[in-house]
Amino acid sequence: MELHIINTGNFMADGGAIFGVVPKVMWEKKYPCDENNYCNLTMRCLLIKTGDRVILIDTGIGDKQSEKFLSYQHLNGDDSMEKSFAAIGTSYDEVTDVILTHLHFDHCGGAVKRDAEDNLVLTFPNATHWLAQAQWDNFNKPNIREGSVYFKENILPVLESGQLKFIKEDTQLIPEVEMRLFNGHTKGQIIPLIQYKDKTLVYTADLIPVMPSVPEAWVSAYDADPITAMTEKREFLKEAVEKEYILFFEHDLYNECCHVIKTDKGIKEGESFKLDSIL
Ligand SMILES: [Zn+2]
């Protein structure tokens, strides 16, 4: 199995929103912000090559939204999906599977692009796209908060292509990749668990968006159901300690991976390390 990071660029979000009820005096020691309280977040996707499968997890924000909308996200950095694919000598056509953890725009926007005639087309034309049924239902009938982060153009072209498949429960995509469902951040978020050599790597998406969000009380104000988010995280962290999982962060610009450790004050993040160091 080969693992490749696909960096798709950075955006900024308010630190208070990212860290919820945690006071700024605590979170700013662990994650920097600028004078406007904005934290810089990345959109770090992961490509898995194994056997005849090329599996991409999440797709970043993409580039088809209006300039006005994109300007609100304060996009920055030199990374793009295109550059990241070129760097590993892989074409979009080779991707066989796209796991969409959920349909918030910073996770799925890159799955659909505009062609030269301004038609919306699939970025990965040969891929089966995997989504949770519960997330699809939530997208079609969003709660008052999530309505503003869902966009039809990010997913309807995938549905219309016949290349969208839904999962209703925890599902093995292949023997080495499990798609596990969580409901606190949003209903039916897929968290992929990847068996790599003798290790388990967890793509934590918005279950644990950045490394300082490991402790169970550090839940984001973006979580639709914070009590469920905390309960799910408690269970997950227990398992992560026992099984020595490696957490891989989608949004943490400064930290790619860590283990979690048990302390007298609960389970916390261990030392940060690069994915490269285990490959
Ligand atoms: Zn999200």
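One can find the structure itself at the top, above this paragraph.
Description of the structure in this document. (Residues numbered from 1 in each chain as written. Predicted model: local features only at pLDDT ≥ 70, side-chain atom pairs only at ≥ 80, totals over all residues. Heavy atoms only, no water.)

1. Some remarks on the overall build of the protein chain
Put simply, the rule reads: Secondary structure elements are taken from DSSP: a helix is a run of H or I of four residues or more, a strand is a run of E of two residues or more, and numbering for both begins at the N terminus. Two things to know: the radius of gyration comes from C-alpha atoms, and the globule rule equals 2.2 Å times the number of residues to the power 0.38. Note on contacts: a residue pair is in contact if any heavy atoms of the two residues lie within 4.5 Å. Only the protein chains shown count as cover for residues, and all accessible areas are computed by the Shrake-Rupley method using a 1.4 Å probe. His is not counted, nor are the chain ends; Lys and Arg add positive charge and Asp and Glu add negative charge. Charge positions come from single atoms, namely NZ of Lys, CZ of Arg, CG of Asp or CD of Glu.
Scanning the protein chain for helices and strands turns up eight helices and 15 strands. Taking 2.2 N^0.38 as the reference for a compact globule, 279 residues should give roughly 19 Å; the C-alpha atoms of the protein chain span a radius of gyration of 18 Å, in line with that estimate. For the protein chain, the spread of C-alpha atoms along the principal axes amounts to about 55 × 45 × 35 Å. Considering only contacts in the protein chain between residues 6 or more positions apart, those separated by 24 or more positions represent 67%. Carbon and sulfur atoms form 50% of the exposed surface of the protein chain, whose accessible area is close to 12,800 Å². The positive charge centre, built from 28 side chains, and the negative charge centre, built from 44, are 5 Å apart in the protein chain.

2. As for the coordination of the zinc ion
Threshold: Metal-coordinating donors are taken as N, O and S atoms lying within 2.8 Å of the metal, or within 3.2 Å when the metal is Na, K or Ca; because water is left out, some sites can appear incomplete. Tetrahedral means four donors with every angle between 85 and 135 degrees, whereas square planar (four donors) and octahedral (six donors) require angles over 155 degrees between opposite donors and between 65 and 115 for all others; sites fitting neither are termed irregular. For the exposure calls, accessible area comes from a 1.4 Å probe over protein chains only, and a residue counts as buried if that area is under 20% of its type's maximum, exposed if over 50%, partly exposed in between.
At 2.1 to 2.2 Å from the zinc ion lie its protein donor atoms, namely His 102 (NE2), His 104 (ND1), His 185 (NE2) and Asp 206 (OD). Taken together, the four donor atoms coordinating the zinc ion and their angles of 88 to 175 degrees define a geometry best described as irregular. In primary sequence terms, the donor set of the zinc ion follows H-x1-H-x80-H-x20-D. Of the two residues, His 102 sits in the loop between β4 (97–99) and α5 (105–108) while Asp 206 sits in the loop between β12 (199–203) and α8 (226–242), which places them 104 residues apart along the sequence. The exposure class of His 102 is buried, given its relative accessible area of 0%.

3. Describing the nonpolar core
Heads up, the condition is: Here the nonpolar core consists of buried residues drawn from Ala, Val, Leu, Ile, Met, Phe, Trp, Tyr and Cys, with membership extended through side-chain atoms lying within 4.5 Å.
Counting residues in each nonpolar core, the largest one holds 67 residues, and the members touching the most others are Leu 56, Phe 85, Val 95, Leu 103, Phe 124, Phe 236 and Leu 247. Leu 56 has contacts with Ile 6, Cys 45, Leu 46, Leu 47, Met 81, Phe 85, Val 95, Asp 97, Val 98, Ile 99 and Phe 124, leaving out every residue within four places of it along the chain. Membership of the second largest hydrophobic core comes to 17 residues, among which are Phe 11, Ala 13, Phe 19 and Leu 41.

Structural measurements only, silent on function.
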